[in-house]
Amino acid sequence: STPAVCSVSGNTVTTLRVGRCSITATQAGDDDFLPVSVTRSFEVTAALAAGGGHSLEIRADGTLHGWGANASGQLGDGSTMTRPTPVPVSLPAGVSALSVAAGGAHSLVLGSDGKLYAWGSNAEGQLGDGSTTQRTTPVQVSLPAGVSALGIAAGDGHSLAMGSDGKLYAWGNNDFGQLGDGGVQQRATPVQVSLPVGVSALSVSAGRVHSLATGSDGKLYAWGSNTRRQIGDGSLAQLRATPVRVRLSTGVSALSVTAGDDHSLAVGSDGNLYAWGSNF
């Protein structure tokens, strides 16, 4: 059975999970007014993602909605019409959204069926379906057989997925080595990121043309464009085609990371927030 969305004790909400919760409050009456029951409901959004010009929201019932720019079909509603208010993404029947990522003009979602779906711009193979054909509705990403995605990230024209096999995969634009496979060749299907031997990714983030991952060894790795020093390895190299260690303070590991257009951020284990890269 479906667990209760919320439990109420007196005027206090004692249990709450993602979902819509209705609470009835009774106002005491007096000589002039009868008791009045007022019902209020609220809903907690499960997840949000913001892309180059579009937004995505997973709602409490597992449905996925999008709004904003849609010239490349990045809203996944089967059209290329700009939407000023949310419209449903056309996920396969019976599939709900578990997590979502929004790129420059493409989108990714982990489905409840264990598959990874993508839609929108595909000029650089960022949908990972083996083609460069734009998609206005979700198509399945061609991860290796038997591998499901545990975490996802979307850059301007590339995508990342943490695999259930402990490997990190990337696909799409690779002009600056942001796929981390050692080359600069565009990939229309996922390839393995060359993390150090024995290291798996615990979290990932994708910038415009660079990528970040926290490693199972406690280190933070970056790869791709370094034109604005967004890799954080202290070098003047223009790009890194394979992951290199970010030079955080001695003894500090990254608890969470995010990549911007040309800069990077990390929450350190010492409680400080670190930033590097473009600072215009």
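In every chain, residue numbers begin from 1 and rise along the written sequence. The model is predicted, so local features are restricted to residues of pLDDT at least 70 and side-chain atom pairs to those at 80 or more, both for listing and for counting; the totals for chains, interfaces and linings are taken over all residues. For the side-chain quantities, the full set of heavy atoms in the structure was used; hydrogens and water were omitted.

> Is there a simple way to explain the overall build of the protein in this structure?
The helix count covers DSSP runs of H or I at least four residues long, the strand count covers runs of E at least two residues long, and both are numbered beginning at the N terminus. The secondary structure content of the protein amounts to zero helices and 23 strands. Relative accessibility under 20% of the residue-type maximum defines a buried residue, over 50% an exposed one, and the middle range a partly exposed one, all with a 1.4 Å probe and only protein chains included. Counting across all 280 residues of the protein, residues that qualify as buried make up 46%. Any two residues whose heavy atoms approach within 4.5 Å are treated as being in contact. Within the protein, contacts between residues at least 6 apart in sequence are counted, and of these 41% link residues at least 24 apart. Here the protein displays about 13300 Å² of accessible surface, and carbon together with sulfur accounts for 49% of that area. Areas reported as accessible are Shrake-Rupley estimates using a 1.4 Å probe. Residue values count occlusion only from the protein chains shown.

> Whenever I open this one, the pattern of salt bridges confuses me. Can you help?
Once the charged atoms of two side chains with opposite charge are near each other, the side chains can pair. Any Lys or Arg side-chain nitrogen found within 4 Å of a carboxyl oxygen on Asp or Glu counts as a salt bridge. Within the structure shown, the criterion is met by seven salt bridges. Its salt-bridge partner being Arg187, residue Asp181 comes within 3.1 Å of it at the nearest N-O pair. Look at Arg187 and you get partly exposed, because its relative accessible area is 27%. Close ionic contact of Asp262 with Arg208 constitutes a salt bridge, the shortest N to O distance being 2.8 Å. Taken together, the positions of Asp262 in the loop between strand S21 (254–259) and strand S22 (263–268) and Arg208 in the loop between strand S17 (201–206) and strand S18 (210–215) put the pair 54 residues apart, joining distant regions of the chain. Residue class for Arg208 comes out partly exposed when judged on its relative accessible area of 29%. Sharing partners across several salt bridges, the network here consists of Arg208, Asp261 and Asp262.

> I keep staring at the sheet that holds strand S13 (residues 149–154) and nothing clicks. Help me out?
The rule for pairing is simple: two strands pair if DSSP sees at least two bridges between them. Taken in spatial order, the four strands make up an open sheet running S13-S14-S15-S16, and their pairing is antiparallel. Looking along the sheet, the strands with just one partner apiece sit at the ends: S13 and strand S16 (187–192). Across the sheet, the mean angle from the axis of one strand to that of its neighbour is 20 degrees, orientation sign disregarded. Inspection of the sheet shows strand S15 (residues 168–172) paired to S16 by three bridges, in the antiparallel sense. What counts as an axis is a line fitted to C-alpha atoms, over the stretch in contact for a helix, and the angles between N-to-C directions run from 0 to 180 degrees.

> Looking at this structure, I do not really get the sheet that holds S18. What am I missing?
In a beta sheet, neighbouring strands are held together by backbone hydrogen bonds and run either parallel or antiparallel to one another. Overall, antiparallel pairing links the four strands, which are arranged S17-S18-S19-S20 in an open sheet. The outermost strands of the open sheet, each flanked by one partner alone, are S17 and strand S20 (239–245). Direction aside, the axes of adjacent strands within the sheet are offset by 15 degrees on average. Inspection of the sheet shows S17 paired to S18 by five bridges, in the antiparallel sense. For Ser203, the partnering residue across the bridge sits in S18 and is Thr214.

> Would you mind going over the side chain of Glu57 with me for this structure?
Inspection of the secondary structure puts Glu57 in strand S6 (residues 54–58). Taking relative accessible area as the criterion, Glu57 reaches 12% and is therefore assigned buried. Residues adjacent in sequence count toward polar contacts only when both atoms are side-chain atoms; beyond that, a polar contact is any pair of N or O atoms within 3.5 Å, and within protein one must be able to donate a hydrogen and the other to accept it. Here Arg59 takes part through its side chain, which lies 3.2 Å from a polar atom of the side chain of Glu57.

> How do you make sense of the environment of Ser121 when you look at a structure like this?
For Ser121, the location among the structural elements is in the loop between strand S11 (116–120) and strand S12 (135–140). The exposure class of Ser121 is buried, given its relative accessible area of 14%. The spacing of Ser121 and Thr136 is 15 residues in sequence and 8.5 Å in space, taken between C-alpha atoms. When near neighbours in sequence (up to four residues on either side) are disregarded, Ser121 contacts Ser72, Ala105, His106, Gln126 and Leu127.

> Sorry if this is basic, but what is going on with the environment of Arg247 here?
One can find Arg247 in the loop between S20 and S21. Taking the relative accessible area as the measure of exposure, Arg247 reaches 64% and is therefore exposed. Sequence-wise, Arg247 and Tyr221 are 26 residues apart; in three dimensions their C-alpha atoms are separated by 9.1 Å. The residues touching Arg247, leaving out its near neighbours within four places in the chain, are Gly232, Asp233 and Gly234.

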